[in-house]
Amino acid sequence: MFPEYPIDLSKIEIDAYYQCYNNPEQTDKVLTRFRKFYPNSKIVLIRDGGSSDFKDIANKHQCIFKPSEYNMGLGNLNLNSALHFIARLDFAKSYFKSPVFMILEDDVYLKNK
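The rules behind each value
- Residues numbered from 1 in each chain as written.
- Predicted model: local features only at pLDDT ≥ 70, side-chain atom pairs only at ≥ 80, totals over all residues.
- Heavy atoms only, no water.
- Buried < 20%, exposed > 50% of the residue type's maximum accessible area, 1.4 Å probe, protein only.
- Helix = DSSP H or I, 4+ residues; strand = E, 2+ residues; numbered from the N terminus.
- Pairing = 2+ DSSP bridges.
- Right-handed = clockwise from strand over helix to strand, strands pointing away.

**Points about the pairing of strand β2 (residues 43–48)**
For step 1, the next point in the chain: Of all the six residues making up β2, six are buried; the element is thus mostly covered by neighbouring parts of the structure.
For step 2, the next point in the chain: Across the two faces of β2 the burial is the same, with I43, L45 and R47 and V44, I46 and D48 all buried.
For step 3, the next point in the chain: Both strand β1 (residues 15–20) and β2 contribute to a ladder of five bridges, which runs parallel. Bridged to C20 within β2 is R47.
For step 4, the next point in the chain: Crossover connection from β1 via helix α1 (residues 24–37) to parallel β2: handedness right-handed.
For step 5, the next point in the chain: Pairing geometry for β2 and strand β3 (residues 64–68), over five bridges, is parallel. Within β3, the position partnered with R47 by the bridge is P67.
For step 6, the next point in the chain: Since β2 and β3 lie parallel, the crossover through helix α2 (residues 55–60) that links them has a hand, and here it is right-handed.

Laid out in structure tokens, this is it:
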């Protein structure tokens with residue numbers, strides 16, 4: 001069921017999906033900034049292949065962490081990658097409480113709620 005629009009985003013906790021890959025320092029920065037504005041939101045952190053371990057960062061920011069060996073990226077998705085992406089979003093949605101969520105990336109910088 002879809003929420004009624006418009007939604008006043010300043011009054012709700014927005015949940016987040018974050019697909020990370022081999023950049024723990026930037027992942028930590030993005031999550032720190034997100035938590036500043038949404039301290040109680042659910043965050044699903046998916047390791048998109050790679051060799052970096054994000055468990056400590058996930059614990060620090062109270063994320064639901066799911067490692068994956070399959071590296072799909074988010075640009076120019078082929079059918080197989082698109083199906084993985086949909087499955088990952090479905091997994092994340094099962095944890096979300098909010099009617100809306102944000103997709104975080106290493107280059108996301110939140111300025112305010």
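**Digging into the pairing of β1**
For step 1, the next point in the chain: By the criterion of burial, β1 is predominantly enclosed, with six of the six residues buried.
For step 2, the next point in the chain: On β1, burial covers both faces: D15, Y17 and Q19 on one face and A16, Y18 and C20 on the other are all buried.
For step 3, the next point in the chain: Where β1 meets strand β4 (residues 101–104), four bridges bridge the pair, whose relative direction is parallel. Bridge assignment links D15 to a residue of β4, and that residue is F101.

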